[in-house]
Amino acid sequence: MFALSIDMGGSHVGCAVVNDAQILSHRSLDSSVTTSLESLLPAIAATVRELLSQAGISAADCTGVALGFPGIIEPRSGRILATLKKYEDAKDLDLSSWWKDYFGLEVRIENDARMALLGEHYAGAARGIRDVVMMTLGTGIGGAAMMLGRLVRGTHGQACLGGHLPVHYRGRACVCGNIGCAEAEAAGWSLPNVAREWTGFESSALADAKQVDFRTLFRLSTEGDPVAMAVKEHCLAIWSANVVGLIHAYDPTIVLLGGGVMKSAEIILPHLRRHVAKHAWTAWGSLDMRPASLPDTAALLGAIPLLTEEIP
Ligand SMILES: [Zn+2]
């Protein structure tokens, strides 16, 4: 079964033609230059045409379009209810009509974290497992849960806002309106503020870094910079608290950890495993925590299960 798959990331838009669990053609567009989805649509259309040509099929051969979007999506209508600073104009765009007019295809829109979990369940590290929680560490912290082989969506498409679980009731203000969300304490967008507010920041090598991101943080921490080491420990503690919250909420068979920050899995995973073994209430035994296996393509490979799923 062929389909078009689009993954709207914060800094890039992944576009692909898929055939079941196989990506036939794929390209990533830079979206860091704009916050408007409408301004990207011509480039997406041109890219999709080229990808169809490369794959040797036409739009009419495709079942539909699956679109992963970083925001809150109403499950039945596919309406974009909320965005967080990126693609704010998406709420007012009629994307269904746009895809119908340009490619003659129906579109189904899904939250990007949930679409990534669908992809991992269909073709990756969660294949054959019915109860899964996925946590994605990147610019934000994505969360998605699957129970009995079905995505948990909730009434308004908010389940589960994994990165917006509060881990510190006197913590930092989050973009969602809450206080002390895991995202506000330890995600790509909040890390520069967390680091700058740390005692001794001015004398740390972090203060001279062009960009305070997780790659820099982990590198300087390994080199022995005391502030970088302390901020790293803080982030690991936040993610640990967050993942225990998700385990207690959903009782999964496995927890998958994905996202760009997991390039440092050798640092993150042992810490989280130790914390979960010690603090999560899993009276039945030990929980399996694994890195996601499709770091760049999970959401794209969620296309077929999304398009063929009946949403009650
Ligand atoms: Zn929040």
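That block above? That's the structure.
Residues numbered from 1 in each chain as written. Predicted model: local features only at pLDDT ≥ 70, side-chain atom pairs only at ≥ 80, totals over all residues. Heavy atoms only, no water.

Caption draft 1: Layout of the overall build of the chain. Helix and strand content of the chain: nine helices and twelve strands. For the chain, the C-alpha radius of gyration of 20 Å lies close to 20 Å, the compact-globule estimate for 312 residues. Its C-alpha atoms give the chain principal-axis dimensions of roughly 60 × 45 × 35 Å. When each of the 312 residues of the chain is scored for burial, the buried share is 53%. Here the contacts in the chain between residues at least 6 apart in sequence split such that 64% fall between residues at least 24 apart. Roughly 14200 Å² of accessible area belongs to the chain as shown, and the carbon and sulfur atoms make up 52% of that amount. In the chain, which carries 26 positive and 32 negative side-chain charges, the distance between the mean positions of the two groups comes to 4 Å. (Helix = DSSP H or I, 4+ residues; strand = E, 2+ residues; numbered from the N terminus. Rg over C-alpha atoms; globule rule 2.2 N^0.38 Å. Buried < 20%, exposed > 50% of the residue type's maximum accessible area, 1.4 Å probe, protein only. Contact = heavy atoms within 4.5 Å. Areas by Shrake-Rupley, 256 points an atom, 1.4 Å probe, with all protein chains shown as cover. Lys, Arg positive; Asp, Glu negative; His and termini not counted. Charge placed at Lys NZ, Arg CZ, Asp CG, Glu CD.)

Caption draft 2: Up close: the coordination of the zinc ion. On the protein side, the zinc ion has His164 (ND1), Cys174 (SG), Cys176 (SG) and Cys181 (SG) as donor atoms, found 2.0 to 2.3 Å from it. Seen from the zinc ion, its four donor atoms lie at angles of 104 to 121°, and the figure they make is tetrahedral. Coordination of the zinc ion draws on donor residues from a single chain, spaced H-x9-C-x1-C-x4-C in sequence. Of this pair, His164 sits in the loop between β10 (150–151) and α4 (182–186) while Cys174 sits in the loop between β10 and α4; the two residues are ten residues apart in sequence, bridging distant segments of the chain. Considered together, His164 and Cys174 belong to a single accessibility category, that of buried residues. (Donors = N, O, S within 2.8 Å, 3.2 Å for Na, K, Ca; no water. Tetrahedral: all angles 85-135°; square planar, octahedral: opposite > 155°, others 65-115°.)

Caption draft 3: How the structure looks around the pairing of strand β11 (residues 254–258). β11 sits mainly inside the fold: five of its five residues count as buried. Where strand β8 (residues 132–137) meets β11, five bridges bridge the pair, whose relative direction is parallel. Its bridge partner lying in β11, Thr136 is registered against Gly258. By the bridge criterion, four bridges tie β11 to strand β12 (residues 288–291) in an arrangement that is parallel. From the neighbouring strand, Ile254 faces β12, where its bridge partner is Asp288. (Pairing = 2+ DSSP bridges.)

Caption draft 4: Structural view of the side chain of Glu185. Along the chain, Glu185 falls in helix α4. Under the relative-accessibility criterion, Glu185 is labelled buried at 1%. From its side chain, Glu185 meets the backbone nitrogen of Arg172 in a polar contact 2.8 Å long. Discounting residues that sit within four places of it in the chain, Glu185 has contacts with Val167, His168, Gly171, Arg172, Gly180, Ser190, Val194, His234 and Ile238. (Polar contact = N/O pair within 3.5 Å; in protein donor to acceptor, adjacent residues only side chain to side chain.)

Caption draft 5: Seen up close, the packing of aromatic side chains. Under the definition given, this model contains seven aromatic pairs. Judged by centre distance (4.7 Å) and plane angle (25°), the rings of Trp98 and Tyr102 are stacked. Here Trp98 and its partner Tyr102 are both found in helix α2 (residues 95–103), four residues apart, which amounts to about one turn of the helix. Ring centres of Phe214 and Trp239 lie 5.3 Å apart, and the angle between their planes is 55°; this geometry places the pair in the tilted category. In this pair, Phe214 is assigned in helix α6 (residues 214–222) and Trp239 in helix α7 (residues 226–250), connecting sequence segments 25 residues apart. (Phe/Tyr/Trp six-rings, centres within 6.5 Å; stacked < 30°, edge-to-face > 60°.)

Caption draft 6: Local environment of α6. Every buried residue of α6 is accounted for by Phe214, Thr216, Leu217, Phe218, Leu220 and Ser221. For α6, the secondary structure elements touched by its buried residues are α4, α5 (191–196), α7 and α8 (265–279).

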